[in-house]
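# Commentary on secondary and tertiary structure
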Amino acid sequence: MTESAIRLLELTKLFDGAGEPAVTALTLDIPRGSIVALIGPSGCGKTTTLRMINRLIEPTSGRIEIDGEDASLRPVAELRRGIGYVIQEVGLFPHQTVHQNIGTVPRMLRWERARVDERVAELAGLVGLEPEQLGRYPDELSGGQQQRVGVARALAADPPVLLMDEPFGAVDPIVRARLQDELLALQERLRKTIVLVTHDIDEAVKVADRVAVLNVGGILEQYAPPDELLHAPASAFVEEFLGDDREIRRLALKRVGDLPFEQGPVLDIGRAPAEARALLDDARSEWIGLTSGGSFVGWAHRDHVEEAATLAALPRELPAAQVRASSTLREAMEVIMNSRTSVAVIDDGGRFGGIVTLEQIRSGLAGRDA
Amino acid sequence: MIALPIAQAAVPRGIGLLEWLGDLDTWLGPDGILSSGLDTVTLCAAVMGTGILLALPPAALLAHLRRGELTATALVTLGRAVPTFAVAALLVPVALRRGWGFEPWPIFLALLLLALPPLYLNTYTAIRHVDQGTVDAARAMGFGERSILFRVEFALAISVVFTGIRVAAVQVVATEPIRAFLGGDGLGRYVRDGLGQNNETLIIGGALLIAALAATTSLVVTLLERVTVPHGVRRLRLQTASRRGSIG
């Protein structure tokens with residue numbers, strides 16, 4: 001995570017005839033294998049910054065290093081072939097089939113036909129395109145599918161770096177969420193260095209490892225992991241940009257497994273009812289959880305526990321509100337809100353892991369490194 | 001050089017149109033339709049060839065560089081207002097003084113002037129309107145400027161370029177017959193001679209021949225497009241046409 005793949009050093013861009021620079025002395029380290037989101041209001045130079053990385057725009061001053069090498073010294077075509085580029089307009093060649101589109105860069109690199117075909121088929125599988133779609137033309141596909149083709153085309157020659165300019169801006173929210181999930185799954189496998197421009201803070205928080213918030217004129221306000229950004233905005237500008245519900249957004253970032261969750265008032269059904277009563281008093285709880293052989297089997301109410309002979313005989317309340325260690329706090333909160341017990345049970349493949357309460361979620365958000 | 005008396009097509013006044021067109025002598029021989037038609041086609045082909053060479057490269061290049069918007073706009077206005085006959089007539093004394101003769105320079109230049117605006121404009125506009133995202137993506141994939149121009153912009157614009165060629169060619173073919181009134185021959189001679197001899201058959205026959213050649217020209221360019229433009233590009237054009245509800 002610490003080694004940088006791309007470094008922007010004092011990068012400034014002043015367009016001809018513009019009074020103010022579009023990007024002002026921007027310095028940014030983009031770690032290898034991570035996703036960095038550039039976000040900010042319009043006019044903040046995020047797209048300009050992105051386009052300076054593959055030299056679609058040449059900087060006025062400052063430097064870009066890719067793998068420690070000055071990008072301006074490399075032949076531009078060669079530089080660009082090592083950098084995938086995905087844009088909102090997708091920009092597929094409308095007169096070429098999906099297959100031809102994806103194979104553009106390999107063909108340009110004069111790969112043999114069989115190798116191109118093989119690579120195209122592989123990429124189609126990777127981004128979730130059906131084989132029969134390869135013979136179609138771009139306009140015969142839906143917006144989401146076109147964007148998948150765009151991503152496949154950008155990845156064709158296996159570039160280590162991927163630049164994405166509002167890649168999911170033109171599709172509806174449901175498709176956008178799915179494409180974001182797919183990008184994350186893809187990144188899990190490919191570990192590319194991805195720089196993504198977006199104006200959607202939810203998108204940035206969801207997909208990025210680090211978020212750079214830019215102010216008008218390309219002035220860097222804050223560069224931090226999403227959780228830190230939401231929890232501790234560095235300036236009034238960032239705070240306002242993130243909105244009032246930034247703490248709520250953090251719920252989607254943290255996982256149940258991150259919490260210092262506890263066992264709670266939970267007993268194996270083989271134990272004595274007296275133990276259960278003691279536990280209930282201790283926890284000042286109305287409900288007690290029952291496990292059997294390590295699995296959670298249900299909740300029992302205090303009233304029943306008072307008169308029960310064995311715990312196994314207790315009437316049990318099912319289904320219990322369940323979450324997994326990998327669930328987000330947001331999901332856990334939703335489950336808790338909908339359950340009578342005000343607790344969610346952590347269950348991973350039948351194994352009881354502990355319980356989560358609203359109080360735990362609250363303190364989990366409060367602690368920086370919970 | 002002094003203008004020579006022009007050989008006239010001598011046709012008896014009473015002869016009917018079908019009879020005239022049905023006579024083999026009307027078609028063959030030095031003053032026949034085939035020979036006159038060949039004159040016309042040769043001149044028009046020369047005009048179109050020159051026009052394409054002159055108009056397409058600068059139009060494509062300027063559109064690629066996103067320059068010269070004003071030139072294009074000016075051409076639209078100008079192109080509609082070129083008085084071809086007047087230009088040709090004005091050029092006659094110039095050509096004579098320089099010893100180029102009556103023919104075919106004045107008419108060649110006048111027709112060229114007629115052909116250039118549609119050729120230039122269609123090429124310029126078509127390339128200018130190629131989706132910027134597509135061009136951007138190509139550039140970002142490492143396409144050189146030349147590749148972008150030929151393999152992306154021109155490839156996507158080719159159908160509209162062909163429309164320009166068709167419009168220009170039909171205009172040129174339909175206008176070329178004025179050559180017969182400026183000391184030349186070609187297909188226009190029949191109308192001219194018909195007028196001179198007050199021979200209706202010649203006038204109507206000549207006019208029909210000109211119309212037929214213009215229609216054929218349009219067809220030939222369309223066929224040429226079908227042969228040369230690849231499937232992927234052609235289906236785009238069909239689609240655009242059906243979306244706009246036209247058959248342009």
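Once a new chain begins, its residue numbering starts again from 1 and follows that chain's sequence as written. Ligands are numbered from 1 and chains lettered from A, in the order in which they are written. Two thresholds apply to this predicted model, a pLDDT of at least 70 for residue-level local features and 80 or more for giving and counting side-chain atom pairs, whereas whole-chain, interface and lining totals are computed over all residues. As a rule here, side-chain values cover all heavy atoms of the structure and leave hydrogens and water aside.

## A closer look at the overall build of chain B
How we decide: A run of H or I in DSSP counts as a helix once it spans at least four residues, and a run of E counts as a strand once it spans at least two, with each numbered from the N terminus. Each residue gets one of three labels from its accessible area relative to the maximum for its type: buried under 20%, exposed over 50%, partly exposed in between, using a 1.4 Å probe on protein chains only. Whether two residues are in contact is decided by their heavy atoms, any of which lying within 4.5 Å being enough.
Tallying secondary structure elements over chain B gives 11 helices and 0 strands in all. When the helices and strands of chain B are listed from N to C terminus, the series reads α-α-α-α-α-α-α-α-α-α-α. C-alpha extents for chain B along the principal axes are approximately 70 × 40 × 25 Å. The buried share of chain B, taken over its 248 residues, is 46%. Contacts in chain B between residues at least 24 apart in sequence constitute 76% of all its contacts with a sequence separation of at least 6.

## Remarks on the confidence of the model for chain A
Selection rule: Every residue carries a pLDDT, the predictor's confidence in it, which falls somewhere between 0 and 100.
Chain-level pLDDT for chain A is 88 on average; 96% of the residues reach the 70-or-more range. Averaged pLDDT values over the elements of chain A bottom out at 73 in strand β15 (residues 343-348) of chain A and peak at 97 in strand β3 (residues 35-39) of chain A.

## Topic: the sheet that holds strand β5 (residues 69-70) of chain A
Residue and element names in this part refer to chain A. Defined as follows: A pair of strands is considered paired only if DSSP assigns at least 2 bridges between the two. Axis definition: a line fitted to C-alpha atoms, over the contacting stretch in the case of helices. Angles run 0 to 180 degrees between N-to-C directions.
The 4 strands are arranged β2-β1-β4-β5 in an open sheet whose pairing can be described as antiparallel. Only two strands of the sheet have a single neighbouring strand rather than two, namely β2 (23-31) and β5. Looking at chain direction, strand β4 (residues 61-66) and β5 are connected through 2 bridges and run antiparallel. Bridging from a neighbouring strand, I66 pairs with E69 of β5. Helix-sheet contacts for helix α1 (residues 46-53) involve β1 (4-13), β2 and β4, and the interaxial angle to β1 is about 120°.

## A closer look at the sheet that holds strand β6 (residues 83-87) of chain A
Residue and element names in this part refer to chain A. In space, the 6 strands of this open sheet follow the order β6-β7-β8-β3-β9-β10, with mixed pairing throughout. The sheet is open, and its two edges are formed by β6 and β10 (219-224), each paired on a single side. For this sheet, the mean inter-axis angle between neighbouring strands, taken without regard to orientation, is 15°. Strand direction decides the pairing type here: β6 and strand β7 (residues 161-165), joined by 5 bridges, are parallel. From the neighbouring strand, Y85 faces β7, where its bridge partner is L163. Running over the sheet, helix α6 (residues 143-155) touches β6 and β7 and is turned about 165° from β6.

## Structural notes on the environment of B:Q171
Residues and elements named next belong to chain B. Topologically, Q171 is positioned in helix α8 (residues 145-175). C-alpha separation for the pair Q171 and A126, spaced 45 residues apart in sequence, amounts to 20 Å. With residues up to four places along the chain from it excluded, the contact list for Q171 reads L114 and P118.

## Some words on the interface of chain A and chain B
To be explicit about the condition: Computed with a 1.4 Å rolling probe, the buried area is the accessible surface lost when two parts are put together, summed over both parts. The rule for a salt bridge is simple: a side-chain nitrogen of Lys or Arg has to be within 4 Å of a carboxyl oxygen of Asp or Glu.
Tallying the contact residues gives 23 residues for chain A and 21 residues for chain B. Contact between chain A and chain B buries roughly 1,700 Å² in total, counting both sides, with carbon and sulfur atoms accounting for 63%. Counting across the interface, chain A meets chain B through 3 salt bridges. Residue B:D136 is joined to A:R51 by a salt bridge in which the shortest nitrogen-to-oxygen separation is 2.4 Å.

## A word on the nonpolar core
Put simply, the rule reads: Definition used in this section: a nonpolar core is a set of buried Ala, Val, Leu, Ile, Met, Phe, Trp, Tyr and Cys residues joined via side-chain atoms within 4.5 Å.
Counting 54 residues, the largest nonpolar core has B:V47, B:M48 and B:L119 as the members making the most contacts within it. Secondary-structure elements contributing two or more residues to this core are α3 (33-65), α4 (69-79), α5 (84-97), α6 (105-128), α8, α9 (189-196) and α10 (200-228) of chain B. At 13 residues, α6(B) tops the list of elements feeding residues into this core. Those residues within four positions of B:M48 in sequence are excluded, and the remaining contacts are B:A115, B:L119, B:I165, B:A168, B:A169 and B:V172. Residues A:V175, A:L179, A:L196 and A:V238 belong to the second largest nonpolar core, which totals 44 residues.

## Here we look at the pattern of salt bridges
Residues and elements named next belong to chain A. According to the stated counting rule, one finds 29 salt bridges over all chains in the structure shown. A salt bridge links R246 to E239, with the shortest nitrogen-to-oxygen separation between them at 3.5 Å. In this structure E239 comes out as partly exposed when scored by relative accessible area, which is 41%. Residue D281 pairs with R302 through a salt bridge whose shortest N-O separation is 3.1 Å. Of the two residues, D281 is situated in helix α12 (residues 273-283) and R302 in helix α13 (residues 302-307); the sequence distance between them amounts to 21 residues. The class of R302 is buried, set by a relative accessible area of 19%.

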